[in-house]
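Chain by chain, the residues:
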Number of protein chains: 2
Amino acid sequence: MNSIEPDSTQEPQAHGRTESEFVIEALALGKNKRVRKLLGRMHPAKIAALLELLDAGQRTALWQQVDAALESRILSHLNSNLSQQLAGESSDVLPQEQPAPALSGGFKLNKVNHLTAVREALGQGKLKRLGKILQRMHPAKVAGMLEGLPPVERAKVWSMVDTDRTGKVLTYLHDEIRTKLAQDLDPDDLIASVQALELDDLVDLIQTLPPALGSQLMQATSGGRRQQLDSMLSYAQDSAGGLMNMDAIEVRADVKVSTVLRYLRLRETLPPQTDMLMVLDRRGHYQGVLRLSALVTSALEARVADVMQTDIEAIAVETQDTEVARIFQDQDLLSAPVVDAQGRLIGRITVDDVVDLIRDESDRTLMQMAGLDDEADMFAPLLVSSRRRAVWLGINLVTAFLAAWVIGQFQATLTQLVALAVLMPIVASMGGIAGSQTLTLVIRGLALGQVQKGNIRVLLNREVGISILNGVLWAVVIALLAVAWFGDWGIGGVLGVAILINLLCAAVAGLAIPLVLHRLGIDPALAGSVILTTVTDVIGFFAFLGLATVLLL
Amino acid sequence: MNSIEPDSTQEPQAHGRTESEFVIEALALGKNKRVRKLLGRMHPAKIAALLELLDAGQRTALWQQVDAALESRILSHLNSNLSQQLAGESSDVLPQEQPAPALSGGFKLNKVNHLTAVREALGQGKLKRLGKILQRMHPAKVAGMLEGLPPVERAKVWSMVDTDRTGKVLTYLHDEIRTKLAQDLDPDDLIASVQALELDDLVDLIQTLPPALGSQLMQATSGGRRQQLDSMLSYAQDSAGGLMNMDAIEVRADVKVSTVLRYLRLRETLPPQTDMLMVLDRRGHYQGVLRLSALVTSALEARVADVMQTDIEAIAVETQDTEVARIFQDQDLLSAPVVDAQGRLIGRITVDDVVDLIRDESDRTLMQMAGLDDEADMFAPLLVSSRRRAVWLGINLVTAFLAAWVIGQFQATLTQLVALAVLMPIVASMGGIAGSQTLTLVIRGLALGQVQKGNIRVLLNREVGISILNGVLWAVVIALLAVAWFGDWGIGGVLGVAILINLLCAAVAGLAIPLVLHRLGIDPALAGSVILTTVTDVIGFFAFLGLATVLLL
């Protein structure tokens with residue numbers, strides 16, 4: 001808390017009110033961060049006096065906000081009765097980490113059930129204990145835990161996160177929760193919390209927070225950092241420029257290894273995730289990289305030119321981020337240089353951001369296939385979540401009504417042969433399942449680059465071949481089951497043929513839909529399954545009921 | 001090709017046949033690797049003589065296998081006519097890289113359409129050109145391209161990959177294709193190709209190849225490498241032990257920075273992806289890490305103990321691999337120490353393997369939700385692929401027949417009110433869509449650790465709340481549409497109530513199914529959607545037709 005500058009906008013004395021009044025007010029509002037800030041400026045004796053004035057509930061709540069380092073000094077100013085009581089509140093044992101049982105499935109609950117520990121501490125008002133738990137957690141874990149909490153508890157926990165860690169926690173949150181929690185902070189707390197962030201994290205924050213907040217953060221940045229920030233913000237978020245940082249260390253090819261080492265020792269620290277230095281010519285053009293591992297194993301008299309590596313191609317600044325991810329993955333890179341159109345080095349991308357990107361991308365595909373937004377808050381207000389999901393249900397309703405309309409065309413047939421109504425969902429369902437297999441295969445193939453113009457025809461032949469083999473197999477099985485059920489060979493035959501037709505169409509649709517969407521620049525994961533279901537439902541019902549009308553009546 | 005040991009099992013002269021006969025035989029079998037090996041042992045004049053003996057087709061095919069370095073020496077032994085003709089075959093221009101148009105979607109076709117270039121070269125029999133294209137491609141790209149080729153072309157291209165790169169290419173392939181292509185190699189080519197692999201890649205190969213091939217690879221490894229291999233193979237494939245490498249560089253805390261630097265300079269190289277040295281005590285216990293970036297920025301007189309970092313927790317060797325991925329992602333690690341139960345360092349995990357793991361995991365989730373195997377070959381023999389997909393269709397058929405059976409119970413009702421048959425798919429479909437949204441949310445929440453015991457009740461309340469809001473909304477909309485269509489308020493009312501009921505059940509099922517599967521150790525992504533569809537179909541049809549029977553007849 002010591003790093004916070006004096007809060008000029010809310011300086012207590014300025015309004016003629018006492019510090020204690022401000023503390024009580026902030027406490028009542030649940031603004032724990034502000035309470036701690038105010039307490040930090042008060043003399044221990046004054047805090048003790050305030051504690052004595054408060055009723056038992058307020059007193060415990062205030063005590064929970066007192067810094068551990070100050071406790072003993074405050075306790076010495078209190079009467080022994082109160083002193084003992086409050087000291088008791090502080091002596092709390094933290095939950096121990098326990099090994100979790102191994103699971104054979106792909107997933108695994110967190111080693112320590114932080115969520116339960118945190119909710120318990122919250123429920124008992126043990127905010128000091130909560131603060132201690134939070135301090136022991138990595139910012140990423142804090143972020144994950146916040147996302148797993150309902151809004152009211154989330155706000156309470158958020159108010160207990162130290163200001164010097166809130167910035168880092170924000171960077172790990174998904175967009176919606178990030179915005180909400182950033183808005184919950186006092187503006188100057190928010191600004192203070194991002195001072196220590198790496199520039200690429202700050203850029204990411206500015207780009208995803210509402211413009212008003214973003215520009216506040218920008219205005220609070222100045223000097224060289226502001227210049228770098230401005231230039232980084234000029235690149236598209238989903239490009240190499242949007243992923244990069246500007247903290248590359250540059251060296252020249254004609255200097256000696258010993259000179260580089262001396263220079264680095266003068267610097268005293270290197271930016272995080274530095275595994276290589278960038279070798280530039282005198283006009284700033286990228287020449288190659290000098291890995292730290294080469295630097296520490298080379299002779300001191302060697303020149304950089306002799307020990308640098310030139311086989312790492314620089315990434316053009318406008319490269320699509322998914323392509324960057326593929327380059328990193330294919331070449332096992334830890335970091336990579338980014339250059340402008342003239343080949344001048346402008347930054348570097350580090351693998352930690354690429355890892356986040358890869359996970360986000362796959363996450364998005366999974367969520368989009370169910371019509372969900374991967375950046376949305378699992379605990380968004382009920383009405384907001386309902387509205388979002390309603391849209392997807394509405395779109396699918398159109399599909400459902402289209403299918404119903406097709407069935408509606410055959411009401412006369414259905415009245416005469418009610419067995420058709422019983423069996424028709426089977427045709428639609430088998431088509432949908434088969435089609436979604438082809439669809440998923442192609443969506444993944446496009447993402448991995450396995451599906452390209454050059455092999456689409458081969459793929460089509462295969463998918464059609466598979467659908468004929470499976471179509472014949474299941475057509476026969478299902479037809480025989482239907483004959484056994486309804487004792488009618490005609491119904492069985494029509495059912496079998498309809499299934500064969502639908503599986504065939506499903507294969508073609510499952511291949512064509514993602515390719516067309518991809519060509520149109522629409523993400524196939526988002527719209528693919530709805531369109532596919534429409535096709536397989538309509539064709540399934542139409543083929544089955546149409547054939548039955550023609551052949552059986 | 002120079003690194004290959006003499007092929008004792010197939011030494012030509014041993015069988016009393018001439019080198020030329022072996023070359024012609026290998027050529028006819030398409031064993032291009034063997035052809036090149038044999039040619040490598042023959043005198044240029046002898047190759048020239050062989051070329052003159054062959055017919056035009058064979059001659060061109062053989063010429064395509066001649067090493068570029070040998071060409072001129074062979075040509076000098078040929079008559080000028082033939083010499084000119086073959087020289088012409090070699091002067092080929094490689095396709096140029098072209099920038100691809102940017103796509104707004106999440107995917108992007110490969111920059112250079114290698115697949116098309118390769119298939120073209122294959123079609124024209126220009127194997128030399130193919131070899132050149134392959135040599136310019138990164139092994140990962142070669143692997144991706146091989147996966148995008150149909151089997152016959154794949155085998156041809158595979159035979160043109162240089163032996164010193166085949167091992168690396170194998171590591172990038174998915175299991176099924178990897179096994180097939182490894183079996184296509186001559187055993188001693190396979191063994192030669194893996195000599196240069198990093199140990200963790202070799203372990204991965206041995207674990208995924210058929211046992212017979214795997215033990216061949218093991219037997220071909222000896223000395224210290226074999227010992228490390230044995231101990232790495234003793235850990236579960238999906239544990240930290242299965243991900244780790246044993247190439248960590250170890251230092252002691254009490255030595256000086258200058259000593260470490262001198263030691264590293266004597267080593268001359270560091271293992272790939274080395275960003276830190278491991279600091280151990282005299283009994284091999286992990287103490288902390290010395291980052292290269294700290295090493296190069298510290299004073300030469302400083303002791304390792306003063307500049308090492310102790311806040312990087314070692315990973316226990318039995319830790320689940322998904323947990324390792326989370327640790328890397330949360331802490332932005334490039335590598336991490338792995339320790340045994342006594343805290344002794346036994347290896348290190350590097351981020352490149354974690355990146356592959358993360359992508360594989362999300363890939364698996366996506367594919368499993370459609371009942372597909374992510375390690376399967378897109379171009380597996382038609383019957384194999386058909387059989388695999390048939391299983392999934394069969395499982396879903398049970399679901400479909402269950403739904404049909406429910407409908408079958410209401411045949412009398414359907415005969416009297418055919419409108420019910422028209423509208424009933426809408427009830428099932430809306431339930432399925434709503435349920436799969438909840439299901440996907442929970443599956444992702446489990447993977448990210450957002451869903452834990454501590455918040456399941458809150459989540460249940462929310463999902464039920466959302467389903468009631470959306471249920472009421474869409475029940476009213478759909479009921480009104482049905483009334484407008486069939487002019488029957490009773491049908492509309494029953495339809496609305498059935499939809500409300502089904503959405504409610506879908507929410508509960510969408511939450512409960514993945515949690516129960518997860519508890520049972522079954523991957524929810526695999527079985528979740530089938531079970532969910534069964535529930536929403538059965539409840540949907542039963543509620544709609546049951547209510548109609550009771551209320552409308």
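Residues numbered from 1 in each chain as written. Chains lettered and ligands numbered in written order. Predicted model: local features only at pLDDT ≥ 70, side-chain atom pairs only at ≥ 80, totals over all residues. Heavy atoms only, no water.

Student: Could you give an account of the overall build of chain A, naming the residues involved and the relevant values?
Tutor: Across its full length, chain A holds 28 helices and 6 strands. The C-alpha atoms of chain A give 32 Å as radius of gyration, which overshoots the globular expectation for 553 residues (24 Å, by more than 25%). Overall, chain A is about 95 × 70 × 45 Å in size when its C-alpha atoms are taken along their principal axes. Here chain A holds 553 residues, and 57% of them are scored as buried. As displayed, chain A has an accessible area near 22500 Å², and 57% of this comes from carbon and sulfur atoms. For chain A, the centre of its 49 positive side-chain charges and the centre of its 60 negative side-chain charges are spaced 2 Å apart. (Helix = DSSP H or I, 4+ residues; strand = E, 2+ residues; numbered from the N terminus. Rg over C-alpha atoms; globule rule 2.2 N^0.38 Å. Buried < 20%, exposed > 50% of the residue type's maximum accessible area, 1.4 Å probe, protein only. Areas by Shrake-Rupley, 256 points an atom, 1.4 Å probe, with all protein chains shown as cover. Lys, Arg positive; Asp, Glu negative; His and termini not counted. Charge placed at Lys NZ, Arg CZ, Asp CG, Glu CD.)

Student: Describe the sheet that holds strand S5 (residues 335–339) of chain B, and please don't skip the residues or the numbers.
Tutor: All names here are of chain B. Taken in spatial order, the 3 strands line up as S4-S5-S6 in an open sheet, and their pairing is mixed. The two strands at the open ends of the sheet, each matched to only one other strand, are strand S4 (315–316) and strand S6 (345–350). The sheet contact formed by S5 and S6 spans 5 bridges and is antiparallel. Each bridged residue has a counterpart across the sheet, and for serine 335 the counterpart in S6 is threonine 350. (Pairing = 2+ DSSP bridges.)

Student: So what's going on with the relation of the copies chain B and chain A? Which residues, and what values?
Tutor: Rotating chain B by 180° about the axis while translating it 0.0 Å along that axis superimposes it on chain A, leaving an RMSD of 0.1 Å. Here the transformation between the copies is reduced to the relation of a two-fold axis. Mapped onto chain A, 100% of the interface residues of chain B again fall at the interface, so both copies present the same surface. (Least-squares fit on C-alpha atoms with pLDDT ≥ 70 in both. Contact = heavy atoms within 4.5 Å.)

Student: Can you break down the sheet that holds strand S3 (residues 286–291) of chain A residue by residue, with the values?
Tutor: Residue and element names in this part refer to chain A. Reading across the sheet, the 3 strands line up as S1-S2-S3 and stay open at both edges, with mixed pairing between neighbours. In the strand order of this sheet, the two ends are held by strand S1 (250–252) and S3, each with one partner. Sheet twist, expressed as the mean angle between neighbouring strand axes with direction ignored, is 40°. Taken together, the 5 bridges between strand S2 (residues 276–280) and S3 define a ladder with antiparallel strand orientation. Bridge pairing in S3 links methionine 278 to valine 289. (Axes fitted to C-alpha atoms, helices over the stretch in contact; angles between N-to-C directions.)

Student: Please set out the interface of chain B and chain A residue by residue, giving values where relevant.
Tutor: In this complex, chain B contributes 135 residues to the contact, which on the side of chain A involves 135 residues. Summing both partners gives a buried area of about 13200 Å² for chain B against chain A, and 64% of it is carried by carbon and sulfur. One can count 6 salt bridges joining chain B with chain A. Along the contact surface separating chain B from chain A lie 40 residue pairs in polar contact (both at pLDDT 80 or more). For the side of chain B that touches chain A, the leading source of residues is helix H25 (residues 418–448) of chain B, giving 20 residues. Grouping the amino acids of the side of chain B that touches chain A by side-chain chemistry returns 69 nonpolar, 45 polar and 21 charged. (Buried area = accessible area lost by both parts, 1.4 Å probe. Salt bridge = Lys/Arg side-chain N within 4 Å of Asp/Glu carboxyl O. Polar contact = N/O pair within 3.5 Å; in protein donor to acceptor, adjacent residues only side chain to side chain. Nonpolar A, V, L, I, M, F, W, Y, C, P; charged D, E, K, R; others polar.)

Student: Pulling in residues and values, what's your account of the packing of aromatic side chains?
Tutor: Applying the stated criterion to the full structure yields 6 aromatic pairs over all chains. On the numbers, 6.0 Å between centres and 65° between planes, the contact of Phe410(A) with Phe542(A) is edge-to-face. Here Phe410(A) is found in the loop between helix H23 (382–408) and helix H24 (411–416), whereas its partner Phe542(A) is found in helix H28 (residues 524–552), with 132 residues between them in sequence. Taken together, the ring pairs connect Phe401(A), Trp485(B) and Phe486(B) into an aromatic cluster. The residue whose ring lies beneath Lys128(A) is Trp63(A), and the NZ or CZ to ring-centre distance is 4.9 Å. (Phe/Tyr/Trp six-rings, centres within 6.5 Å; stacked < 30°, edge-to-face > 60°. Lys NZ or Arg CZ within 6 Å of the ring centre and 35° of its normal.)

Student: I'd like to hear about empty space enclosed by the protein, residue by residue, with values.
Tutor: Throughout the structure, instances matching the rule amount to 8 cavities of 30 Å³ or more. In terms of lining, the largest cavity is formed by 43 residues, of which the most central are Ile433(A), Thr533(A), Gly432(B), Ile433(B) and Thr533(B). Those elements that place two or more of their residues in the lining of the largest cavity are helix H22 (351–369), H23, helix H25 (418–448) and H28 of chain A together with helix H22 (351–369), helix H23 (382–408), H25 and helix H28 (524–552) of chain B. If one sorts the elements of the lining of the largest cavity by residue count, H25(B) sits on top with 9 residues. Residue composition of the lining of the largest cavity, by class: 24 nonpolar, 17 polar and 2 charged. (1 Å grid on protein atoms, 1.4 Å probe; cavity = no way out; pocket = protein on both sides within 12 Å on 5 of 7 lines; lining within 4 Å. Points joined across faces, edges and corners; volume = space filled by probe spheres on them.)

Student: Any chance you could break down the pattern of salt bridges for me, citing the residues and the numbers?
Tutor: All names here are of chain A. Within this structure, the stated rule accounts for 40 salt bridges over all chains. Across the pair aspartate 247 and arginine 348 runs a salt bridge, and its minimum N-O distance is 2.8 Å. Of this pair, aspartate 247 sits in the loop between helix H17 (240–243) and S1 while arginine 348 sits in strand S6 (residues 345–350); the two residues are 101 residues apart in sequence, bridging distant segments of the chain. As far as burial versus exposure is concerned, aspartate 247 and arginine 348 are alike and both buried.

Student: Please provide a residue-by-residue account of the environment of Thr399(A), values included.
Tutor: Among the structural elements, Thr399(A) can be located in helix H23. Sequence separation between Thr399(A) and Asp537(A) is 138 residues; the distance between their C-alpha atoms is 8.2 Å.

Student: Quick one: what's the story with unusual backbone geometry, residue by residue and with numbers?
Tutor: Unlike most non-glycine residues, Gln273(A) shows phi in positive territory, near 55°. Relative to the elements of secondary structure, Gln273(A) occurs in the loop between helix H18 (257–267) and S2.

Student: Requested: an account of the packing of helix H14 (residues 199–208) of chain A against helix H16 (residues 223–233) of chain A, with residues and values cited.
Tutor: Residue and element names in this part refer to chain A. In the contact formed by H14 and H16, the axes pass within 10 Å of each other and the chain directions differ by 55°. Comparing their axes, H16 and H14 come out oblique. Read as a crossing pair, H14 and H16 show a hand that is right-handed. Note on element contacts: H16 touches H14 through Arg225, Gln228, Leu229, Met232 and Leu233, opposite Leu199, Asp200, Leu202, Val203, Ile206 and Gln207. The class makeup of the residues in the contact of H14 with H16 is 7 nonpolar, 2 polar and 2 charged. (Parallel < 35°, antiparallel > 145°, perpendicular 65-115°, else oblique. Left-handed = near helix turned anticlockwise from the far one by under 90°.)

Student: Mind laying out the nonpolar core, listing which residues take part and the relevant values?
Tutor: One finds Ile426(A), Phe544(A), Ile426(B) and Phe544(B) to be the most contacted residues of the largest nonpolar core, which totals 82 residues. Excluding anything up to four places from it in sequence, Ile426(A) contacts Ile478(A), Ile499(A), Leu397(B), Ala400(B), Phe401(B) and Ala404(B). Formed by 58 residues, the second largest nonpolar core is a distinct cluster that contains Phe328(A), Met278(B), Tyr286(B) and Val324(B). (Core = buried A, V, L, I, M, F, W, Y, C linked by side-chain atoms within 4.5 Å.)

Student: I'd like to hear about the packing of H25(B) against helix H27 (residues 489–519) of chain B, residue by residue, with values.
Tutor: Residues and elements named next belong to chain B. Running from amino to carboxyl end, H25 crosses H27 at an angle of 30°, the nearest separation of the two axes being 8 Å. By the angle between their axes, H25 is roughly parallel relative to H27. Of the two elements, H25 crosses H27, and the hand of that crossing is right-handed. Residues that form the contact of H25 with H27 fall into these classes: 21 nonpolar, 6 polar and no charged.

Student: Can you tell me about the pairing of S2(A), naming the residues and giving the values?
Tutor: All names here are of chain A. The buried fraction of S2 amounts to 5 of the 5 residues, a majority that puts the element mostly inside the structure. Going residue by residue along S2, you find Met276, Met278 and Leu280 tucked away on one face and Leu277 and Val279 tucked away on the opposite face as well. The pairing of S1 with S2 spans 3 bridges and is parallel. Bridge pairing in S2 links arginine 252 to leucine 280. What joins S1 to S2 is H18, and the crossover it makes is right-handed. (Right-handed = clockwise from strand over helix to strand, strands pointing away.)

Student: Give a description of the side chain of Thr179(A) that names residues and reports values.
Tutor: Looking at the secondary structure, you find Thr179(A) in helix H12 (residues 175–184). Setting aside residues no more than four positions away along its own chain, Thr179(A) makes contact with Thr208(A), Leu209(A) and Pro210(A).

Student: Report on a nonpolar patch on the surface, specifying residues and quantitative values.
Tutor: Residues and elements named next belong to chain A. Residues Ile468, Val472, Val476, Leu480, Trp489, Leu500 and Leu504 make up a contiguous nonpolar surface patch of about 640 Å² in total accessible area. Residue assignment for the nonpolar patch shows that the elements contributing at least two residues are helix H26 (456–486) and helix H27 (489–519). Its place among the elements puts leucine 480 in helix H26. Assessed through its relative accessible area of 47%, leucine 480 is described here as partly exposed. (Patch = residues over 30% accessible without salt bridge, like charges linked within 9 Å, V, L, I, M, F, W, Y side chains within 5 Å.)

Student: Can you break down H25(B) residue by residue, with the values?
Tutor: Residue and element names in this part refer to chain B. Taking 1.5 Å as the rise per residue, H25 with 31 residues should run 45 Å; its terminal C-alpha atoms sit 47 Å apart, in good agreement. Where H25 bends most, at methionine 424, the angle is about 30°, and the proline proline 425 comes one to four residues later. With 26 of 31 residues buried, H25 is to be regarded as a mostly interior element. Looking one or two residues past H25, glycine 449 carries a phi angle of roughly 75°, positive in sign. (Expected span 1.5 Å × (residues − 1). Bend = angle between axes of the 7 residues up to and from the residue.)

Student: Can you explain the confidence of the model for chain A? Please cite residues and give values.
Tutor: Low pLDDT marks stretches whose predicted atomic positions should not be read closely. Residues and elements named next belong to chain A. Overall, the prediction assigns chain A a mean pLDDT of 87, with 93% of residues at 70 or greater. Predicted confidence for residues 1–14 stays below pLDDT 50, and this span has 20 contacts to residues more than four positions away or in other chains. Across residues 93–111 the pLDDT falls below 50, and counting only partners more than four positions away or on other chains, this stretch makes 43 contacts in the model. Taken over the whole predicted complex, pTM reads 0.80, whereas the ipTM for its chain interfaces reads 0.80. (pLDDT = per-residue confidence, 0-100.)

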